[in-house]
Structure formats: structure tokens, C-alpha cells
Amino acid sequence: MTTSTVPVPLRRRRRVNGLLGLVAWLAGIAFFLPVAWMVLTSLHGEQDAATNPPSLTAPLTLHGYREFFGAGGGGLSPWPPLLNSLTASVVSTLLVLALAVPAAYALSIRPVRKWSDVLFFFLSTKMLPLVAGLLPVYLVAQHTGTLDNIWLLVLLYTSMNLPIAVWMMRSFLAEVPVEMLEAASLDGAGLATTLLRIVGPVAMPGMAATALISFIFSWNELLFARVLTGVVAGTSPVFLTGFVTSQGLFLAKVCAAATVISLPVLAAGFAAQDKLVQGLSLGAVK
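Throughout, a residue's number is its position along its own chain's written sequence, starting from 1. pLDDT decides what is reported in this predicted model: residues at 70 or higher carry local features, side-chain atom pairs at 80 or more are listed and counted, and totals for whole chains, interfaces and linings draw on all residues regardless. Water and hydrogen atoms were dropped before computing side-chain values, which therefore reflect all heavy atoms in the structure.

### A short note on the overall build of the protein chain
And then number 1: In DSSP terms, a helix is any run of H or I states spanning at least four residues, a strand is any run of E spanning at least two, and both are numbered starting from the N terminus. Regarding its fold elements, the protein chain presents 14 helices and two strands.
And then number 2: Note on exposure labels: buried denotes an accessible area under 20% of the residue type's maximum, exposed denotes more than 50%, and partly exposed covers the range between, all computed with a 1.4 Å probe on protein chains only. Sorting the 286 residues of the protein chain into buried and exposed places 34% on the buried side.
And then number 3: Using a 1.4 Å probe, accessible areas were evaluated by the Shrake-Rupley method; residue-level cover was limited to the displayed protein chains. As presented, the protein chain carries roughly 17,000 Å² of accessible surface, and 71% of it is formed by carbon and sulfur atoms.

Structure follows, in C-alpha cells:
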């Protein structure tokens, strides 16, 4: 079919799609450029990274990464903060899924009475600014002896991410075919069997999306980790703030540290990107 014979609405639709695709590419490049600039700066020496404007042709070096991992001498090891972040993020994400899936099941597939009020209650817990609850949480942790304890962060991250996870999982579970649940009920399947063998496989993309978002929120959290932890339970964002010293800001070293700390989130997103796209579009209007 030649261009002259293509219907006008189809040609207009193609132009609109092409324009939207161009805008999407430009937006993606705009979001990617700061990350690429951070990685490039991390591969420069401190003198080259501090130039204004920065030099793109400066020689590359891994000195910033060696300094980050303590090979430069006198540096603190980043492994304890990284392991603390990994522990707090993974364990809290597993707890969030274990609590959010049954709650979303009760609010969507087997709705409880006044389920809309329950959803509003979950949402209302996110209306309180985090800094408003910082002092009460600190006093409770101080009196219970849980300051500088990684399990306190696990509990906090679970409670912080649970409302969002319930809302997300409810929209995902609402798409589960009712016929499958009725067939499972006729076969005598209980709640645990229904969740594990029926709902779980169907809602897996939604669970992956919810888990990834909970993991990212936990990994990037700084306020509570900065105030409630110290030497033992400090996380990687807290460790990153330690690079801002009275001696100045060593840009190459900071960029190297930020790149390393960002890698787990990027790796998790890359590994689950197919399920993330499926999960975020599962409840979309078709």
C-alpha cells in the first residue's frame, strides 16, 4: 500500500505515534543522562572531576572505586552498610508480601464489610509526614533498647511499605478470574492452597512489581536510618552521607560510592523488568 492510498486517519495516527515515540525517547534520555554523567565522573580523578565544566576527554581511572572499598588506606569498609541495607530491604519486602497478599485478597476477591473504609485507613497512614513520627519512634526505640538495631529498621520499613503494597496488590488481585477461584472452592481448596496455587501464579507479575517497589523504597530510605542507627546498623545511604566532610566534597569518590550503592536496585529492576511491566499494566483499563 503506497503512501497516497493510506487513509488519512491512519496516517494521522502514525504521525501521532511517531511523535509520542520521539517524546518517550527524549524523556528516557533526559532521565538517563544524570546517571551516565555520575558513572563517567566516578571514572575520573578528583582534579578532572572538579573542573568546571567537567572534561569528557579526561583519562579514566578506578581510583574512586578503590577509595570507596577502602583500598586507599584509612577508609571504612562499605560491606557492613551494604549488608545492612540488603538485610533490611529483603526481609522487609518478604514481610510486606506475606502481609499484603492476604489483606488484598480479603479486600478484593473475598471482600470484607466496609472494605472501602479499610482501604482509606491504609491510605491515611501515608498522610502523616515521616518526620512527624520520628521523635515518638526514637523514644520507643530508646526505651526498648532497639536503637542501632537492624531489626528495628525491618519493622519500620515493613510498616511504611505495607499500605502501598496492599493498594497495589488489591488492583492486581481484582484481575484474577473468579471462575478459577470457584473451581478451586468446589475442589475443596482452603485459603492457603488458594493463595499459593491459584492466586500466586496468576498474580506473580503484580507481586514482582510490588516487591520491587518495596525493595527500592527500603533501600533508599535515609531519614529513619540516619537517626535510629549508628555504627552497627548503619545502611548504605547513611554510609554515603559520610563522604560529605569538613575537608570538602570529593566528587569522584562520591560518584563512585553512589554508583555502587545504586547497582542492587538497578540489577533488581533489570532482572524483573518483564514482570514489572506486566504487573504495572495488569490493572489498566483495557
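### Thoughts on the layout of surface pockets
And then number 1: A 1.4 Å probe that fits but cannot get out identifies a cavity on a 1 Å grid over protein atoms alone, an open set with protein on both sides within 12 Å along at least five of seven lines counts as a pocket, and a residue lines either if it has an atom within 4 Å of a point. Grid points are joined across faces, edges and corners, and a volume is the space filled by probe spheres set on the points. The volume enclosed by the largest pocket comes to roughly 520 Å³.
And then number 2: Listed by contribution, the elements that provide at least two residues to the lining of the largest pocket are α3 (63–68), α4 (79–108) and α12 (236–241).
And then number 3: Just so you know the grouping, Ala, Val, Leu, Ile, Met, Phe, Trp, Tyr, Cys and Pro go in nonpolar, Asp, Glu, Lys and Arg go in charged, and all remaining residues, Gly too, go in polar. Taken together, the residues that form the lining of the largest pocket break down as nine nonpolar, nine polar and three charged.
And then number 4: Counted as a void, the second largest pocket has a volume near 420 Å³.
And then number 5: Lining the second largest pocket are 20 residues, and of these Thr-125, Leu-130, Leu-156, Ser-159 and Met-160 lie nearest its centre.
And then number 6: Broken down by secondary-structure element, the contributors of at least two residues to the lining of the second largest pocket are α6 (134–144) and α7 (150–173).
And then number 7: No other element matches the seven residues that α7 contributes to the lining of the second largest pocket.
And then number 8: For the lining of the second largest pocket, a count of residues per class yields 14 nonpolar, five polar and one charged.

### Structural notes on unusual backbone geometry
And then number 1: Unlike most non-glycine residues, Asp-148 shows phi in positive territory, near 55°.
And then number 2: Topologically, Asp-148 is positioned in the loop between α6 and α7.

### Side note on the packing of aromatic side chains
And then number 1: Aromatic rings from Phe, Tyr and Trp, with only the six-membered ring used for Trp, were paired whenever their centres fell within 6.5 Å, and each pair was classed as stacked if the ring planes differed by under 30 degrees, edge-to-face if by over 60, and tilted otherwise. Summed over all chains, the structure comprises four aromatic pairs.
And then number 2: Taking the centre distance of 4.9 Å and the plane angle of 75° together, the rings of Phe-68 and Phe-69 count as edge-to-face.

### Some words on the confidence of the model for the protein chain
And then number 1: Known as pLDDT, the predictor's confidence for each residue is given on a scale from 0 to 100. Put simply, the protein chain has an average pLDDT of 82, and 88% of its residues get 70 or more.
And then number 2: Averaged pLDDT values for the elements of the protein chain fall to 62 in helix α14 (residues 273–280) and rise to 93 in helix α11 (residues 223–228).

### Re the environment of Ile-261
And then number 1: Mapped onto the elements of the fold, Ile-261 is located in helix α13 (residues 251–271).
And then number 2: Residue classification places Ile-261 among the buried residues on the basis of a relative accessible area of 8%.
And then number 3: Remark: the alpha-carbon pair of Ile-261 and Leu-82, spanning 179 residues in sequence, is separated by 7.6 Å.
And then number 4: By definition in these notes, contact holds between two residues if any of their heavy atoms fall within 4.5 Å. Residues within four places of Ile-261 in sequence aside, it is in contact with Leu-82, Trp-219, Ser-236 and Leu-240.

### Some remarks on the packing of α4 against α7
And then number 1: A fitted line through C-alpha atoms serves as each axis, taken over the contacting stretch for helices, and the angle formed by two N-to-C directions is quoted from 0 to 180°. Where α4 meets α7, the axes come as close as 6 Å, and the angle between the chain directions of the two elements is 35°. Of the two possible hands of crossing, α4 and α7 adopt the one that is right-handed.
And then number 2: Of the residues that constitute the contact of α4 with α7, the class distribution is 21 nonpolar, six polar and one charged. Take the far helix as the reference: if the near one is turned anticlockwise from it by less than a right angle, the crossing is left-handed, and if turned clockwise, right-handed.

### Here's the deal with empty space enclosed by the protein
And then number 1: Enumeration according to the criterion identifies one cavity of 30 Å³ or more in this entry.
And then number 2: Around the largest cavity, the lining residues are Trp-37, Leu-40, Thr-41, His-44, Asp-48, Ala-49, Pro-54, Ser-55, Leu-56 and Leu-251.
And then number 3: Contributions of two or more residues to the lining of the largest cavity are made by α1 (8–42) and α2 (46–49).
And then number 4: At three residues, the largest contribution of residues to the lining of the largest cavity is made by α1.
And then number 5: Class assignment for the residues of the lining of the largest cavity results in six nonpolar, three polar and one charged.

### Comments concerning the nonpolar core
And then number 1: Buried Ala, Val, Leu, Ile, Met, Phe, Trp, Tyr and Cys residues form a nonpolar core when they are joined through side-chain atoms within 4.5 Å. Membership of the largest hydrophobic core comes to 25 residues, with the highest contact counts inside it found for Ile-109, Val-166, Met-169, Leu-173 and Val-199.
And then number 2: Secondary-structure elements contributing two or more residues to this core are α4, α5 (115–124), α7, α8 (178–186), α9 (191–202) and α10 (204–220).
And then number 3: For this core, the element with the most residues is α7, which contributes seven residues.
And then number 4: Beyond its immediate sequence surroundings of up to four residues, Val-199 is in contact with Tyr-105, Ile-109, Leu-173, Leu-181 and Thr-194.
And then number 5: Listed in part, the 15 residues of the second largest apolar core include Leu-134, Ala-225, Leu-228 and Ala-233.

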